[in-house]
Structure formats: structure tokens, C-alpha cells
Amino acid sequence: LQSESIRLDSRSSLTSTFTVRQLAGGQNAGGGLALLANATVSRQFSNDVGAVLGYDFTRDGYADQFQGQHRLSLTANARVGAFSLMLSGARSLDIVRESLYADVGFKLSNQWRLGSQYTLERFAGSQFLDYNFLIGYRMGWKEIGITWSYRTKRLGLQVLNVAF
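Okay, so let's go over this structure.

How each quantity is defined
- Residues numbered from 1 in each chain as written.
- Predicted model: local features only at pLDDT ≥ 70, side-chain atom pairs only at ≥ 80, totals over all residues.
- Heavy atoms only, no water.
- Helix = DSSP H or I, 4+ residues; strand = E, 2+ residues; numbered from the N terminus.
- Rg over C-alpha atoms; globule rule 2.2 N^0.38 Å.
- Buried < 20%, exposed > 50% of the residue type's maximum accessible area, 1.4 Å probe, protein only.
- Contact = heavy atoms within 4.5 Å.
- Areas by Shrake-Rupley, 256 points an atom, 1.4 Å probe, with all protein chains shown as cover.
- Lys, Arg positive; Asp, Glu negative; His and termini not counted.
- Charge placed at Lys NZ, Arg CZ, Asp CG, Glu CD.
- Phe/Tyr/Trp six-rings, centres within 6.5 Å; stacked < 30°, edge-to-face > 60°.
- Salt bridge = Lys/Arg side-chain N within 4 Å of Asp/Glu carboxyl O.

**Considering the overall build of the protein chain**
Across its full length, the protein chain carries one helix and eleven strands. Relative to its length of 164 residues, the protein chain is extended, with a C-alpha radius of gyration of 20 Å against a globular reference of 15 Å. Overall, the C-alpha framework of the protein chain stretches about 55 × 45 × 30 Å when taken along its three principal axes. Within the protein chain, buried positions represent 20% of all 164 residues. In the protein chain, of all internal contacts separated by at least 6 residues, the share reaching a separation of at least 24 is 22%. Within the structure as shown, the protein chain displays about 11,100 Å² of accessible surface, and the carbon and sulfur contribution to it stands at 58%. One way to put it: in the protein chain the 17 positive side-chain charges average out to a point 7 Å from where the 12 negative ones average out.

Next comes the structure, spelled out in C-alpha cells:
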């Protein structure tokens, strides 16, 4: 089931979904019913700034062990002139699992840009942390980027916006 988008005001809306599935069972998952639900509130603060707040419920006997049954998430985007920012975070309410991701960019010209990304994941006593810096040069719809990663402590070369 999926709700129609409900307008909360001229810049905000609420959507929700509810799914019931019959699980066949298998090596890593049991049989039975899987219950999935989601509620999302979206808000456009201006033409350049927006946010989405979400709640997810998962009970399937497998994925809920790793992400929890109850999870909150928040994603925010902003673009002001040459500057762009995307923040995304999530936290499980019934197990220790949280993630944070940030992406900051600055467009120097039509061809050149600077960027940085930050990633933090925590789960069951483990932690993954990385952040990197990028200088990118656009050639048509492709982009070449020189990156540096905190985790590897190395420079890298990336071809961006290309699918294989």
C-alpha cells in the first residue's frame, strides 16, 4: 500500500508505504511474513534548500538484525551560488547502528570544482570513517578527478560520471 502524497502546507508533504510479503525461507532467512513500513516528511525551505525526514519499520527476520526494526533518517540539501551541501544521517532506535554522510562542493568555473566527502558508519562495536578531498575537471559530460583519502592516505585518479 502506498499513500497519496499529503500536503501539510505549501512546502511540505507526507508520504507513507506499508508492505506485507510472504517469505519463502532459505539459508539465511526464515519463512513467514515480512512487514515493511515507511513514513516520510519532505520540506522545501526555499528553491535551493530542502530536507527529508523518514521513519522506517522493518520486520523480516534478517535485515532487521543488521539495520534494526526502527530507523530514523534525515537528508538535507542546499545549493547557494557555487556552493553545494548534502547531509545524510540515519540511526536505528533498537540496535546500535548509525551512519553519517556529508558532501560539500564548490564550483570554481564551468570546468573546475572542489569537493569533499565524509563518511561515518557505526555498527555493533565497529566503526568505519573516511573523508576525502577532490579537485575535478569537467570534459563534456565526463569528469576527471584527483582525490586524497584519509583512510588510505593516498592520492587517486577517478573518472566520474561514466558508466560501464
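What follows continues from the structure just given.
**A word on the packing of aromatic side chains**
Within the structure shown, the criterion is met by five aromatic pairs. Taken together, a centroid distance of 6.4 Å and an interplanar angle of 50 degrees make the contact between Phe66 and Phe123 tilted. Taken together, the residues span a long stretch of sequence, with Phe66 in helix 1 (residues 63–67) and Phe123 in strand 8 (residues 112–123) at a distance of 57 residues. The interplanar angle of 15 degrees and the centroid separation of 4.6 Å between the aromatic rings of Tyr131 and Tyr150 together place this pair among those described as stacked. Pair noted here: Tyr131 is in strand 9 (residues 126–139) and Tyr150 is in the loop between strand 10 (142–149) and strand 11 (154–160), with a separation of 19 residues, a long-range link. Residue classification places Tyr131 among the partly exposed positions, given a relative accessible area of 26%.

**Details of the pattern of salt bridges**
Enumeration according to the criterion identifies five salt bridges in this entry. With a shortest N-O distance of 2.9 Å, Asp9 and Arg43 are connected by a salt bridge. Taken together, the residues span a long stretch of sequence, with Asp9 in strand 1 (residues 6–9) and Arg43 in strand 3 (residues 31–44) at a distance of 34 residues. The class for Arg43 is partly exposed, based on a relative accessible area of 29%. Note that Glu98 and Arg122 form a salt bridge whose closest N and O atoms lie 2.8 Å from each other. Residue Glu98 is located in strand 7 (residues 97–107), and its partner Arg122 is located in strand 8; the two are separated by 24 residues in the primary sequence. With relative accessibility at 33%, the residue Arg122 sits in the partly exposed group. Members of the salt-bridge network, linked through shared partners, are Arg91, Glu98 and Arg122.

**Structural notes on the environment of Arg79**
Mapped onto the elements of the fold, Arg79 is located in strand 5 (residues 70–80). With 34 residues separating them in the primary sequence, Arg79 and Arg113 have C-alpha atoms 14 Å apart. When sequence neighbours within four positions are dropped, the list of residues in contact with Arg79 reads Asp48 and Ser84.

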